[in-house]
Amino acid sequence: MKKLHAPFEMALKIAVVGATGAVGEVLFSILEKRNFPIQDLSAFSSPRSEGKKIKFQGRDVICKTLMSGCFKEIDLVFFDASDAVSKEWVPQATESECFVVDNSAAFRGESDIPLVVPEVNGDLIAQIVSRKGLGARQRIISGPNCTTAQLVVALKPIHDRYGLKRVVVSTYQSTSGAGKLAMEELKEQTSNVLKGARALPKVFSHQIAFNCIPQIGGFGDDGFTSEETKLVLETRKILGLPGLKMSATAVRVPTLSCHAESINIECEKSFNIEEIKDLLGSSPGLVIQDDPSKLIYPLGVVSKGDPVHGAAGQDSVYVGRVRKDLSVENGLHLWIVSDNLRKGAALNAVQIGELLIQSRAEFQSLR
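The following paragraphs examine the structure supplied in this document. (Residues numbered from 1 in each chain as written. Predicted model: local features only at pLDDT ≥ 70, side-chain atom pairs only at ≥ 80, totals over all residues. Heavy atoms only, no water.)

This part is about the overall build of the protein chain. Looking only at helices and strands, the protein chain has nine helices and 13 strands in total. For 367 residues, the compact-globule estimate of 2.2 N^0.38 gives 21 Å, and the protein chain sits close to it at 21 Å. The principal-axis extent of the C-alpha atoms belonging to the protein chain is close to 60 × 55 × 45 Å. Looking at the 367 residues of the protein chain, the share that counts as buried comes to 52%. Of the contacts formed within the protein chain by residues at least 6 apart in sequence, a portion of 70% connects residues at least 24 apart. (Helix = DSSP H or I, 4+ residues; strand = E, 2+ residues; numbered from the N terminus. Rg over C-alpha atoms; globule rule 2.2 N^0.38 Å. Buried < 20%, exposed > 50% of the residue type's maximum accessible area, 1.4 Å probe, protein only. Contact = heavy atoms within 4.5 Å.)

Below, the structure written as structure tokens:
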């Protein structure tokens, strides 16, 4: 796989849909920080944010609402909006011969739409842009659920060397995964509870302050939530393991940023723990934080002087608590933490955009 961050040979006309959302705001900052080659930048948002100014590279980008023909002459569109918005507007973008990187769940499960995490299956991008006469749907690339993205980055090297027999994962997901209003609800409820006032749930089904809610998404007939089902199906698709035995439990926790995951793995082959640590530490997108004797393990946020490097605001997936599961042959435990707004969404999308450019210098000739 090509490098994920390198000089570019062309500048593109870019659009961001969902520009004022939690992910959209982070995406703008990442585009700027990574010097993404932009000739022109358009921002689209809901009507209530129309006219809002977003600072980018020292200038104001004015938010507009989506309308027929708005994607004309645009090369690449990042969608960070709802499933409903993507279902309606992604086809219009691709019919205008744009490439689309979509972070919604609208197209993830469709067999002809690639679901990409660049460190894991980024080679799919080169296959896409090398085709001649691309159809509209062939211009759509989906990004996974935020919990899936960090999970597969950790699972990929283990699968390649030792094989995956079974994976059980429990997620501990911050309120930022539910958007800005959810984060504000946590802040407001926390303040109210500390003052002795009532914590009224609006975004969440129950009080989130000082609480954990074992439900993200609606429940299916099998008792699993939509978040848990997405995590399983997306992991299988990205890793190319449709028969992988896997189970998930997703929990919303009262934090503002970063998702954590407890992962239990049964490998096909035997392993040495130090070899696992070396493997993970040398794999793209991963950083090892694993020294229990010094209380070093992955965390979302840290205080001043803490020996741990917190994941909030960072691009990597942090992995620690690496140990054998003594109850099963070839069993392994991991604890991973990542900034869900970055690798879980915005950063992953930008990396896909970078690979689109790197995979074919004649990107614009595909239009």
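Spatial strand order, β3-β4-β2-β1-β5-β6-β7: seven strands in an open sheet with mixed pairing. Where the open sheet ends on each side, the last strands, each with one partner, are β3 (53-56) and β7 (140-142). The sheet shows a mean angle of 25 degrees between the axes of neighbouring strands, taken without regard to direction. Here strand β2 (residues 38-44) pairs with strand β4 (residues 59-64) via two bridges, running parallel. Pairing of A43 across the sheet is with C63, part of β4. Docked against the sheet, helix α1 (residues 22-33) engages β1 (12-17), β2, β3 and β5 (76-79), running at close to 25 degrees with respect to β3. (Pairing = 2+ DSSP bridges. Axes fitted to C-alpha atoms, helices over the stretch in contact; angles between N-to-C directions.)

Turning our eyes to something else, we now look at the packing of aromatic side chains. Inspection of every chain in the model, using the stated rule, returns six aromatic pairs. Relative to F78, the ring of F36 has its centre 6.1 Å away and its plane inclined at 75 degrees; by these criteria the two rings are edge-to-face. Of the two residues, F36 sits in the loop between α1 and β2 while F78 sits in strand β5, which places them 42 residues apart along the sequence. There is no split in this pair, since F36 and F78 are both buried. The positively charged end of R139 is found above the aromatic ring belonging to F99, 5.0 Å away from the centroid. We note K324 situated over the ring of F271; from NZ or CZ to the ring centre the distance is 5.5 Å. (Phe/Tyr/Trp six-rings, centres within 6.5 Å; stacked < 30°, edge-to-face > 60°. Lys NZ or Arg CZ within 6 Å of the ring centre and 35° of its normal.)

What follows is about the packing of helix α5 (residues 146-162) against helix α7 (residues 226-239). Orientation of α5 relative to α7, taken along the N-to-C sense of each, is 40 degrees, at an axis distance of 10 Å. As far as their axial angle goes, α7 and α5 are oblique. The interaxial crossing formed by α5 with α7 has right-handed handedness. Across the interface between the two elements, T147, T148, L151, V152, L155 and K156 from α5 touch E227, K230, L231, E234, T235, I238 and L239 from α7. Taken together, the residues of the contact of α5 with α7 sort by class into six nonpolar, three polar and four charged. (Parallel < 35°, antiparallel > 145°, perpendicular 65-115°, else oblique. Left-handed = near helix turned anticlockwise from the far one by under 90°. Nonpolar A, V, L, I, M, F, W, Y, C, P; charged D, E, K, R; others polar.)

The next thing to look at is the nonpolar core. Counting 39 residues, the largest nonpolar core has L31, F36 and F78 as the members making the most contacts within it. Top element by residues in this core is helix α9 (residues 342-359). It accounts for nine residues. The residues touching L31, leaving out its near neighbours within four places in the chain, are V16, F36, I38, F56, F78 and V350. Within the second largest apolar cluster, 37 residues are counted, among which are V120, L151, V167 and L239. (Core = buried A, V, L, I, M, F, W, Y, C linked by side-chain atoms within 4.5 Å.)

Viewed as axis vectors pointing N to C, α5 and helix α8 (residues 273-281) meet at an angle of 125 degrees, and their least axial separation amounts to 10 Å. Comparing the axis directions of α5 and α8 gives the class oblique. The hand of the α5/α8 crossing is right-handed. Along its contact with α5, which presents A154, P157, I158, R161 and Y162, the element α8 presents E275, I276, L279 and L280. Residues that form the contact of α5 with α8 fall into these classes: seven nonpolar, no polar and two charged.

On to the pairing of strand β10 (residues 259-267). Where burial is concerned, most of β10 is hidden: eight out of the nine residues are buried. When β10 meets strand β13 (residues 331-338), the two strands line up antiparallel, connected through eight bridges. Bridging across to β13, E261 finds its partner in I336.

It is worth spelling out the side chain of S359 at this point. Take S359: it is sitting in helix α9. Only 2.6 Å separates the side chain of S359 from the backbone oxygen of L355, close enough to count as a polar contact. (Polar contact = N/O pair within 3.5 Å; in protein donor to acceptor, adjacent residues only side chain to side chain.)

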